[in-house]
Amino acid sequence: MEHTTKEETHPTKGILQSEELYQYILETSVYPREPEPLKELRGVTSSHPWGFMGTAPDAGQLMAMLLKLVKAKKTIEVGVFTGYSLLLTALSIPDDGKITAIDVSRKSYEIGLPIIKKAGVEHKIDFIESQALPVLDKLLEDNENEGSFDFAFVDADKDGYVSYHERLIKLVKIGGIIAYDNTLWFGTVAMPEKMVLEELKPARESTIELNKMLAVDSRVMISHASIGDGITICMRVH
Ligand SMILES: C[S@@+](CC[C@H](N)C(=O)[O-])C[C@H]1O[C@@H](n2cnc3c(N)ncnc32)[C@H](O)[C@@H]1O
Ligand SMILES: O=c1cc(-c2ccc(O)cc2)oc2c(O)c(O)ccc12
């Protein structure tokens, strides 16, 4: 029998660690209510070599609820990939809503784009193929953009999150939401460093720094939810 040490065991997807419980949530409460276009997009993403990067459908369900609660109309997404969270956002905002969606790679976005078009929501999306930081800085050059966004979702390079936060806190309105994905990073944020797979260590460090910063940022109210791979929901209060 092949022996693996704890260090070699890759954490399960979803922080619950019990695969059965995670599957129960998905099969009982998430999949039956998941819109068909999202099911289709999740399906095409699953055959992508990096398909595991797609936003977890349980996290997506929470995001859709938040978008409705704040009546989001103008949003930002950093980290599109094949478009699961982008499509769920587009399905959750009104017909005249707008999403500024940023990713360094249009190639993966083009995998989900036919499904987004078929769902009739492409007109809501302004996709920008770029590093996120210069786009956020450019948005801030226009004073009209300050405090004008209702919602932002960040699911990209984990070492960029702190820098994105310093821009997004100015772009999002008082009462608006900034949600950060993967803020438990496969549970590694709570593991001793020596127990963590080498390839997970850099993002673990960045995520620990992000979590420390958000915990003391008085400009936001936060909820660190153990849904998916951890999602931290920030509401701007100052
Ligand atoms: C985890 S995936 C996003 C998943 C997506 N939210 C979904 O629902 O499937 C991360 C994405 O961030 C993008 N990315 C990485 N670094 C970036 C950067 N500096 N600026 C913009 N996008 C970046 C990658 O190209 C990748 O598509
Ligand atoms: O395994 C990953 C990797 C990423 C990732 C790595 C490097 C980047 O520049 C961006 C993203 O993101 C992930 C993710 O968001 C997720 O939900 C699961 C796994 C990964």
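Keep in mind that what you see is a predicted model, and the values were worked out from it rather than measured.

A.B. asks: Which residues make up the site of ligand 1, and what values go with them?
C.D. replies: Inspection of the region around ligand 1 gives 18 residues, with Thr55, Ser85, Asp103, Gln131 and Asp155 positioned closest. Taking Asp103, its side chain carries an N or O atom lying 2.6 Å from an oxygen atom of ligand 1. For ligand 1, the protein covers 89% of the area, taking 600 Å² as the surface of the free molecule.

A.B. asks: Tell me about unusual backbone geometry, residues and numbers included.
C.D. replies: Residues other than glycine predominantly adopt negative phi, and peptide bonds predominantly adopt the trans conformation. Backbone geometry places Phe81, a non-glycine residue, at a positive phi of 55 degrees. Note on placement: Phe81 falls in the loop between strand 1 (74-78) and helix 4 (84-92). A relative accessible area of 11% places Phe81 in the buried class. Backbone geometry places Asn182, a non-glycine residue, at a positive phi of 65 degrees. Within the secondary structure, Asn182 is located in the loop between strand 5 (172-181) and helix 8 (201-215). With relative accessibility at 11%, the residue Asn182 sits in the buried group.

A.B. asks: Break down the site of ligand 2 for me, citing the residues and quoting the values.
C.D. replies: In the neighbourhood of ligand 2, the contacting residues comprise Phe52, Met53, Asp155, Ala156, Asp157, Lys158, Asp181, Asn182, Trp185 and Phe186. Between an oxygen atom of ligand 2 and a side-chain N or O atom of Asp155, the distance comes to 2.8 Å. The side chain of Asn182 places a nitrogen or oxygen atom 2.8 Å from an oxygen atom of ligand 2. Expressed as a share of its isolated accessible area of 440 Å², the protein-covered part of ligand 2 is 73%. Of the residues in the shell around ligand 2, the class split is five nonpolar, one polar and four charged.

A.B. asks: Account for the pairing of strand 6 (residues 220-225), with residues named and values stated.
C.D. replies: Two elements, strand 6 and strand 7 (residues 231-236), share six bridges in a ladder whose sense is antiparallel. What sits directly across from Ala225, in strand 7, is Ile231. With antiparallel pairing between neighbouring strands as the criterion, strand 6 and strand 7 make up a hairpin whose turn holds five residues, including Gly228 at a positive phi of roughly 60 degrees.

A.B. asks: Quick one: what's the story with the side chain of Thr188, residue by residue and with numbers?
C.D. replies: Note on placement: Thr188 falls in the loop between strand 5 and helix 8. Assessed through its relative accessible area of 1%, Thr188 is described here as buried.

A.B. asks: An account of the packing of helix 6 (residues 132-141) against helix 7 (residues 161-171) is needed here, citing residue identities and associated values.
C.D. replies: Contact geometry for helix 6 and helix 7: axes closest at 10 Å, N-to-C directions at 25 degrees. Taken as axis vectors, helix 6 and helix 7 run roughly parallel relative to one another. Both helix 6 and helix 7 take part in a crossing whose hand is left-handed. Of the residues in helix 7, those touching helix 6 at Ala132, Leu133, Leu136, Asp137, Leu139 and Leu140 are Ser163, Tyr164, Arg167, Leu168, Lys170 and Leu171.

Reading guide: rules and limits
Within each chain, residues carry numbers counting from 1 in the order of the written sequence. Chains carry letters from A onward and ligands carry numbers from 1 onward, assigned in written order. Only residues with pLDDT of 70 or above have their local features reported here, since the model is predicted, and side-chain atom pairs are shown and tallied only from 80 upward, although totals for entire chains, interfaces and linings are computed over all residues. Side-chain descriptors were evaluated using all non-hydrogen atoms of the structure, hydrogens and water having been removed beforehand. For this purpose, a residue is taken to be near a molecule or strand whenever a single non-hydrogen atom of the residue falls within 4 Å of it. Side-chain atoms alone can form a polar contact between residues adjacent in sequence; in general such a contact is a pair of N or O atoms within 3.5 Å, and within protein one must be able to donate a hydrogen while the other accepts it. Computed with the Shrake-Rupley method and a 1.4 Å probe, the accessible areas treat only the protein chains shown as cover for residues. Under the scheme used here, helices are H or I runs from DSSP no shorter than 4 residues and strands are E runs no shorter than 2 residues, and both carry numbers assigned from the N terminus. Each residue's exposure class comes from its accessible area (1.4 Å probe, protein chains only) as a fraction of the maximum for that residue type: buried when under 20%, exposed when over 50%, partly exposed otherwise. Each residue receives one of three labels: charged for Asp, Glu, Lys and Arg, nonpolar for Ala, Val, Leu, Ile, Met, Phe, Trp, Tyr, Cys and Pro, and polar for the others, Gly being one of them. At least two bridges found by DSSP between two strands are what make those strands a pair. Simply put, an axis is a line fit to the C-alpha atoms, just over the touching stretch for a helix, and the angle between two N-to-C directions goes from 0 to 180 degrees. Here the angle decides the label: under 35 degrees means roughly parallel, over 145 means roughly antiparallel, 65 to 115 means roughly perpendicular, and every other value means oblique. Rotating anticlockwise by less than a right angle from the far helix to the near helix defines a left-handed crossing, while the corresponding clockwise rotation defines a right-handed one. Working rule for contacts: check all heavy atoms of both residues, and any pair within 4.5 Å makes them a contact.

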